[in-house]
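Below, each chain spelled out in residue letters.
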Amino acid sequence: MRYLMIAVLSLSFAACSTNRNKAEKIDTKLENPAPVGSGNIGIKDGDMIYQRKVAMNEQLRTLENEVYDLEARVFGGSRYLDNRGLYGVLRDCRLQMGDTDNAGDGKMRWTEARTYVTSEEDFSKMGVENKKDIVGVTEEGLRDRIERFKGYKEILLKRQDEYETKVKMCELELKQQKAKSKVEGT
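Numbers given for residues are sequential positions, taken from 1 along each chain in its written order. Owing to the predicted nature of the model, reporting of local features is limited to residues with pLDDT of at least 70; listing and counting of side-chain atom pairs is limited to 80 or more, with chain, interface and lining totals taken over all residues. Only hydrogens and water are set aside; all other atoms, that is, all heavy atoms of the structure, feed into the side-chain values.

1. Considering a nonpolar patch on the surface
As a reminder of what qualifies: Candidates for patches are residues over 30% relative accessible area with no salt bridge; among them, like charges are joined within 9 Å and nonpolar side chains (Val, Leu, Ile, Met, Phe, Trp, Tyr) within 5 Å. In short, Shrake-Rupley with a 1.4 Å probe defines the accessible areas, and a residue's cover is counted only from the protein chains shown. Salt bridges are defined as contacts in which a side-chain nitrogen from Lys or Arg sits within 4 Å of a carboxyl oxygen from Asp or Glu. Put simply, DSSP H or I for four residues or longer makes a helix, DSSP E for two residues or longer makes a strand, and each gets a number counted from the N terminus. Exposure categories follow from relative accessible area, calculated using a 1.4 Å probe and restricted to protein chains: below 20% of the type maximum is buried, above 50% is exposed, and the middle band is partly exposed.
A cluster of nonpolar side chains, V36, I41 and Y50, forms an exposed patch at the surface whose accessible area comes to about 260 Å². Topologically, Y50 is positioned in strand β3 (residues 47-51). Accessibility expressed as a relative area gives 46% for Y50, which makes it partly exposed.

2. Here we look at the state of the cysteines
Here is the rule we go by: Note on terminology: disulfide denotes any pair of cysteine sulfur atoms within 2.5 Å.
In the structure shown here, the tally under the stated rule is one disulfide. The disulfide partner of C93 is C170, and the gap between their sulfur atoms is 2.2 Å. Between C93 and C170 the sulfur-sulfur dihedral comes to about -105°; the bridge is accordingly left-handed. Residue C93 is found in helix α3 (residues 85-98), and its partner C170 is found in helix α4 (residues 142-185); the two are separated by 77 residues along the sequence. Side by side, C93 and C170 carry an identical accessibility label, which is buried.

3. Digging into the sheet that holds strand β1 (residues 31-36)
Heads up, the condition is: In this scheme, strands are said to pair when DSSP sees at least two bridges between them. Helix axes use the C-alpha atoms of the stretch in contact, all axes being lines fitted to C-alpha atoms, and the angles between their N-to-C directions lie in the range 0 to 180 degrees.
The three strands lie next to each other as β1-β2-β3, forming an open sheet whose pairing is antiparallel. Looking at which strands have only one partner, the edges of the open sheet turn out to be β1 and β3. Neighbouring strand axes in the sheet, compared pairwise and without regard to direction, differ in orientation by 20° on average. Here β1 runs beside strand β2 (residues 39-44); their pairing, made up of four bridges, is antiparallel. The partner of V36 across the bridge, within β2, is G39.

4. A word on the pattern of salt bridges
Overall, the coordinates contain 17 salt bridges when judged by the stated rule. Here R79 makes a salt bridge to E120, at a shortest N to O gap of 2.7 Å. Of the two residues, R79 is situated in the loop between α2 (56-75) and α3 and E120 in the loop between α3 and β4 (125-129); the sequence distance between them amounts to 41 residues. Through salt bridges with shared partners, one network takes in E64, E140, R145 and R148.

5. Focus: the layout of surface pockets
Here the idea is plain: a probe the size of a water molecule rolls over the atoms and shows the empty space left. Short version of the rule: For cavity detection a 1 Å grid was placed over the protein atoms alone, and a set of points counts as a cavity when a 1.4 Å probe fits there but cannot get out; an open set counts as a pocket when protein lies on both sides within 12 Å along at least five of seven lines, with lining residues being those that have an atom within 4 Å of a point. Grid points are joined across faces, edges and corners, and a volume is the space filled by probe spheres set on the points. Polar here means any residue outside two lists: the nonpolar Ala, Val, Leu, Ile, Met, Phe, Trp, Tyr, Cys and Pro, and the charged Asp, Glu, Lys and Arg; Gly therefore counts as polar.
Volume-wise, the largest pocket comes out at about 640 Å³. Taken together, 19 residues line the largest pocket, and the ones lying closest to its centre are I26, M56, L142, R143 and I146. Contributing elements (two or more residues each) for the lining of the largest pocket: α2 and α4. Looking at which element gives the most residues to the lining of the largest pocket, the answer is α4, with five residues. In terms of residue class, the lining of the largest pocket is made up of seven nonpolar, four polar and eight charged.

Below is the structure:
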């Protein structure tokens, strides 16, 4: 029984020490600091080091803005004030390919469904704060959120490249289709 309790306590301490979102005290004090670009050089524990320190709220805000801007550029749609995005440009091009005025067959070319990468966030808790304000709260570990948004960014960059290629291919096919119809029509 005693060994079982020791094992349980050991596991609980190990679980606490491996929490990726646990706030850690960081010593950023440098001796003889001198600015270099976006950081500083100086001496810490006898070693010469370069140190770059950022405010994590700004890092997260910048990352989120990059991701939402990228998603708007790729997918557009009602989520982004009806911006067409590359998805909308591709859909319009495929519509023109089927248009009989462009020597098409009158049928819409297949376009995949618009599938956003970022999720619509719901509140995990709703209630009353300070006995007067009704609030909704979502909580997520900072490292987890940063990693999630980095994943979104990576996916969106790939999708942007795919859609740019598909749009160019469609535009070329449409141009060839129009040229072919002019030759056949004369």
